[in-house]
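Results of the structural survey
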Amino acid sequence: MTRRLALPGADELFRTTGESLGRTDPAVPVPPGGAPDGGARAAEPAGVRRTAVGRRPQGDRRPTGRERHDEKITVYVSAAELIDLEQARLTLRGEHGMAVDRGRIVREALAVVLADLDAAGEASILVRRLRGR
């Protein structure tokens, strides 16, 4: 007689997104205030203000830190850039006692660069580097 190992199903391995995380049915209209009709407004981090289209106003560039993120992008980097990023993570951990992941470092760097772009415009480091100066 062969013994079969009972493995958990996908629904037991992966948590669901949607109502269990405070989301609402996409068919429910959302008024300009951001809350579905008759519902409570979804919690946002303290001090985060959103405009009508979901963008943060200029000057309000703070990284989101450790929270569940709903949006995802894929960024391809060279092997050297990946090593540099990992080295930065290890330096933060070893020399500064900060256990952060690579995504957090990228979000912090993005917040810094975008805040500089908002503040300095044409003279920002991003504009200068992209122009090759």
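Our subject is the structure listed above.
Residues numbered from 1 in each chain as written. Predicted model: local features only at pLDDT ≥ 70, side-chain atom pairs only at ≥ 80, totals over all residues. Heavy atoms only, no water.

**Focus: the pattern of salt bridges**
The full count for this structure, using the stated rule, is five salt bridges. E108 is the salt-bridge partner of R104, the closest N and O atoms lying 3.6 Å from each other. Pair noted here: R104 and E108 are both in helix 3 (residues 102-120), with a separation of four residues, about one helical turn. Assessed through its relative accessible area of 26%, R104 is described here as partly exposed. Classification of E108 by relative accessible area gives partly exposed; the value is 32%. Across the pair E122 and R131 runs a salt bridge, and its minimum N-O distance is 2.0 Å. (Salt bridge = Lys/Arg side-chain N within 4 Å of Asp/Glu carboxyl O. Helix = DSSP H or I, 4+ residues; strand = E, 2+ residues; numbered from the N terminus. Buried < 20%, exposed > 50% of the residue type's maximum accessible area, 1.4 Å probe, protein only.)

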